[in-house]
Amino acid sequence: MKITEFIKENTLFLDGGMGTLLQKEGLAPGELPERWNLSHPDIIRAVHLAYFKAGSHVVATNTFGANILKYSADELDAIVCAAVKNARDAQKAANAHHPTWVALDIGPTGKMLKPYGDLAFEDAVRVFSETVKLGVKYGVDLILIETMADTYEAKAAVLAAKEQSTLPVFVSCAFGADGKLLTGADASAAVALFEGLGADAIGANCSEGPDKLAHVIEKFLSYASVPVLFKPNAGLPKSENGTTVYDLSAEEFSAKIAALVKKGVRAVGGCCGTTPAYIEALVKAARDISPLPLSGKNLTSVSSYTHAVHFGDEPILIGERINPTGKPRFKEALRARDMDYILREGLSEEEKGVHILDVNVGLPEIDECEMLSSAVTALQAVTDLPLQIDTANALAMENALRIYNGKPMLNSVNGKQESLDAILPLAKKYGALTVALTLDENGIPETAEARVAIARRVLEEGKKYGLSAKDFIFDPLALTVSADAHAAVETLRAVEMIRRELGCHVSLGVSNVSFGLPARDMINGTFFAMALSRGLSAAIMNPHSAEMMKIYHTYRTLAGLDQNCAEYIAFAEEAAPSDGKAAPVSDSMSLKDAIVKGLADLAASLTQARISAGDAPLTIVENDIIPALNTVGEGFEKKTVYLPALLIAAEAAKRAFEEIKTVLKGAKPTKGTVVLATVKGDIHDIGKNIVKLLLENYGFAVVDLGKDVAADTVVDAVKRTRAALVGLSALMTTTVPAMEECIRRLRAECPSVHVMVGGAVLTQEYADAIGADFYAPDAMAGVRYAESLDDRA
């Protein structure tokens, strides 16, 4: 039986941890566990066999960190070959009475993707592709992508799995207790993205115990139509006599997960700290629970890297300003590649309250393919609003869909067969919500009935690609009433008929209705209100139009969507007359605002202007740059700002600092020296790199020793630089002993140095046990600690 069929009717039992078991068998601090497939195959086979005998249906190969960034091509081939053989040998030896499968285990690369890191998206796809191809070559049954802290990296892995195989794909992310990934995604964003990409099961693993992740899994269950999987840690880790242990027993662990199986979770196992005994207890606790039927949630949604927007909950506003049509200044910006102007347009629309940004950069004289992808990447760096990718160029569309971080909105397909053949495969591959225009080879029909007929045809064509009604949002096309007095009537009838007869959502470009007429806002606003009353789901509109925003807020209030009329009251108190034109954001933007918003080019130019005007460079630093970083940093600490916004603000501050340094040539860092390192055996340096960037912006001199750093190297660097602070990072349980050893060496040879530690596997208790002075749960906490030491000096 195929695993995708089995999981529809049964609870699928996965395996548990690998690293902690290998440590007990002698895996040395800093030693790479994947190499044990070759050097200790008997131990790896024994672990797999124990899991099969405990009742696991699926055992994951010992390949979590196996990729071409870590191993040569030849060694990677040998490792994956041996890993699959070890799992297959264990599967055969188990001779289990239940169905069993072998999964290719794929973990994160340890690098952050551009624009926040140095790994390009396509390079990430290639890294994962090499591992997937080897898994297919040596005969795995499915691909398990797990412990992902960034949905963008997970998307690269899913695309690699889909493009290099036809195997089932399970995807699992490492959520924090706050329900967010490191990069800010919540469960709804993950579900929208991974279901769209065609994952066969999705969920969460690692990072926390079952108690702290239960609310995340319940969110998955409320949004997901595919099976949900759950592989938490065995509670919280701590160090006892140099060994990592966890605070939940097998019975406690299994009881908590069994409770979630009763709520609908379909695939369960364990991560760090779990053993075959945990899986045996879990099987015993959950095997007799009757699985709840899988239910299609029928959600029409899009997502950014942080959240999803669901159509139908209330009217959705799609900002129309990032479009050159009728905008000479925007055309000029496109020709000059003035990306900051485009970003400011998007930010101004976000401030006005839109939910989605339409992005159209089509001009005949520019390279639209390159410009559209660049604009999408740049916009996603400064705003977390989902984007509607708007182009008639199929190649530009695919390029932008591919690099988009989230579930995109595609604008558009139409009833022409040529359009359907070109666009629907892209919608399916990249999981896009598709705007479908009700026109065909004969143009735009005059009647609502004919437009609905085109919509029906689009839905039928969509079925050929596995797309359903929830994957489309129809635009029945608003035409100008100045040319046809009945144009608005037919469009409104089409809106109502599509909602009622097809059960699909509807969007309109509202302002088209008033083309050629004076005082267009009056027509637009009334038409918008009429369309909302007929069931309009979304409007592409100008949020700077006071009339349109009045209609939006009053409709929400009258439709019972505005609790206590709170948003209406806030809008009414702030509302001011408007001609519908956006004021240039840069005219009133301060250097501090530019940094907070992550506008690097603008931050640099504003700094130049301030220096030219005679402002003292250090005054600019003290009054603008550092306060801007503090604003973003405090938001990060309060979890109102997430990692991408923190990093992009830090980059903008860095650009401002560079302008300052051109004036203060030879100027040295104003604060002390910090040595940073990812410990021996660990190549995951994302957290360390973030801390480095922030410390440098706050005036510290940073000595970055890189990743996979031996204790001797750290000690030598502290002696050489006389640093007052060392920051050590580790992601994997198997490398924490190397961190403990490094701290021991520092205590012996550099007794005056302070040591802070951070990483996904650490807790305050764990940090205390290994002798650290400070545990940094996030990058800003590390900066605050460094500042506290500098203040004492």
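In what follows, the accompanying structure is described.

What counts, and where the lines are drawn
- Residues numbered from 1 in each chain as written.
- Predicted model: local features only at pLDDT ≥ 70, side-chain atom pairs only at ≥ 80, totals over all residues.
- Heavy atoms only, no water.
- Disulfide = S-S within 2.5 Å.
- Buried < 20%, exposed > 50% of the residue type's maximum accessible area, 1.4 Å probe, protein only.
- Core = buried A, V, L, I, M, F, W, Y, C linked by side-chain atoms within 4.5 Å.
- Helix = DSSP H or I, 4+ residues; strand = E, 2+ residues; numbered from the N terminus.
- Contact = heavy atoms within 4.5 Å.
- Expected span 1.5 Å × (residues − 1).
- Axes fitted to C-alpha atoms, helices over the stretch in contact; angles between N-to-C directions.
- Parallel < 35°, antiparallel > 145°, perpendicular 65-115°, else oblique.
- Left-handed = near helix turned anticlockwise from the far one by under 90°.
- Nonpolar A, V, L, I, M, F, W, Y, C, P; charged D, E, K, R; others polar.
- Polar contact = N/O pair within 3.5 Å; in protein donor to acceptor, adjacent residues only side chain to side chain.
- Salt bridge = Lys/Arg side-chain N within 4 Å of Asp/Glu carboxyl O.
- Pairing = 2+ DSSP bridges.

### A few points about the state of the cysteines
Here is the idea: a disulfide is a covalent bond, and it sits between the sulfur atoms of two cysteines. Tallying each qualifying case throughout the model produces 0 disulfides. We note that Cys173 lacks a disulfide partner, and the nearest cysteine sulfur, in Cys206, lies 12 Å from it. Accessibility expressed as a relative area gives 0% for Cys173, which makes it buried.

### Regarding the nonpolar core
Among the nonpolar cores identified, the biggest contains 221 residues, and Phe194, Phe528 and Ile625 are the most heavily contacted of them. In terms of residues, this core owes the most to one element, helix H25 (residues 643-663), which gives 11 residues. Those residues in contact with Phe194 that sit more than four places away from it in its chain are Thr151, Ala154, Lys155, Val158, Val171, Cys173, Ala199 and Ile202. Residues Val715, Met739, Ile743 and Tyr766 belong to the second largest nonpolar core, which totals 30 residues.

### Side note on helix H17 (residues 448-463)
For H17, spanning 16 residues, the distance from its first C-alpha to its last is 23 Å, which sits close to the expected 22 Å at 1.5 Å a residue. Within H17, burial applies to Ala448, Arg451, Val452, Ile454, Ala455, Val458, Leu459, Glu461 and Gly462. Those residues of H17 that are buried lie in contact with strand E16 (409-414), helix H16 (417-430), strand E17 (433-437), strand E18 (472-475) and helix H18 (487-502).

### Examining the packing of helix H5 (residues 73-94) against helix H6 (residues 121-137)
Orientation of H5 relative to H6, taken along the N-to-C sense of each, is 45°, at an axis distance of 9 Å. Judged on the interaxial angle alone, H6 and H5 are oblique. Crossing of H5 against H6: the hand is right-handed. Every residue of H6 that contacts H5 at Leu76, Asp77 and Val80 is listed here: Thr131, Leu134, Gly135 and Lys137. Here the contact of H5 with H6 is composed, by residue class, of 3 nonpolar, 2 polar and 2 charged.

### Regarding the packing of helix H8 (residues 187-197) against helix H9 (residues 210-223)
In contact at an axis separation of 9 Å, H8 and H9 are set at 45° when each is read in the N-to-C sense. Overall, the two elements H8 and H9 adopt an arrangement that is oblique. The way H8 lies across H9 gives a crossing that is right-handed. On H9, the residues that touch Ala187, Ser188, Ala190, Val191 and Glu195 of H8 are Val216, Lys219, Phe220 and Tyr223. In terms of residue class, the contact of H8 with H9 is built from 6 nonpolar, 1 polar and 2 charged.

### What to know about the side chain of Asn62
Mapped onto the elements, Asn62 comes out in the loop between strand E2 (58-60) and H5. Within polar-contact distance, the side chain of Asn62 engages the backbone oxygen of Pro33 at 2.9 Å. Those residues in contact with Asn62 that lie beyond four places of it in its chain are Met18, Leu22, Pro33, Glu34, Asn37, Ile44, His48 and Ala83.

### What to know about the pattern of salt bridges
Where charged atoms of side chains with opposite charge meet at close range, the side chains can pair. On inspection of all chains with the given rule, the structure shows 46 salt bridges. The residue Arg329 makes a salt bridge to Asp338 at a minimum N-O spacing of 3.3 Å. By relative accessible area, which is 33% here, Arg329 ends up partly exposed. The class of Asp338 is partly exposed, set by a relative accessible area of 24%. Two residues, Lys688 and Asp704, come together in a salt bridge whose shortest N-O distance is 2.9 Å. One end of the pair, Lys688, is in helix H26 (residues 686-697); the other, Asp704, is in strand E22 (residues 701-704), with 16 residues separating them in the sequence. Taking the relative accessible area as the measure of exposure, Lys688 reaches 4% and is therefore buried. Accessibility expressed as a relative area gives 27% for Asp704, which makes it partly exposed. One continuous salt-bridge network, built from bridges that share partners, spans Glu122, Glu163, Arg402 and Lys429.

### Things to note about helix H7 (residues 151-164)
Here H7 is 14 residues long and its end C-alpha atoms lie 20 Å apart, about the 20 Å a rise of 1.5 Å per residue gives. Among the 14 residues in H7, 11 count as buried, and that is most of the element. Along H7, the residues classified as buried are Thr151, Tyr152, Glu153, Ala154, Lys155, Ala156, Ala157, Val158, Leu159, Ala160 and Ala161. Contacts made by the buried residues of H7 are with H6, strand E4 (142-148), strand E5 (169-173), H8, helix H15 (394-403) and H16.

### Quick look at the environment of Asp682
By secondary structure assignment, the location of Asp682 is in the loop between strand E21 (673-678) and H26. According to the relative accessible area criterion, Asp682 is buried, its value standing at 0%. Put simply, Asp682 and Asp708 are 26 residues apart on the chain and 5.1 Å apart in space, counted from C-alpha to C-alpha.

### Topic: the sheet that holds strand E3 (residues 101-106)
An order of E1-E10-E7-E6-E5-E4-E3-E2 is seen for the 8 strands of this open sheet, with the pairing classed as parallel. Of all strands in the sheet, those bounded by a partner on one side alone are strand E1 (12-13) and E2. Sheet analysis places E4 next to E5, joined by 4 bridges and oriented parallel. Note that in E5 the partner of Ile143 across the bridge is Val169. The strands touched by H7 are E4 and E5; relative to E4, the strand with the most contacts, the crossing angle is about 175°.

### Let's talk about the environment of Val80
As for its position among the elements, Val80 is in helix H5. For the pair Val80 and Val703, spaced 623 residues apart in sequence, the C-alpha separation works out to 36 Å. Leave out the neighbours within four places in its chain, and Val80 touches Thr63, Leu104, Leu134, Gly135 and Tyr138.

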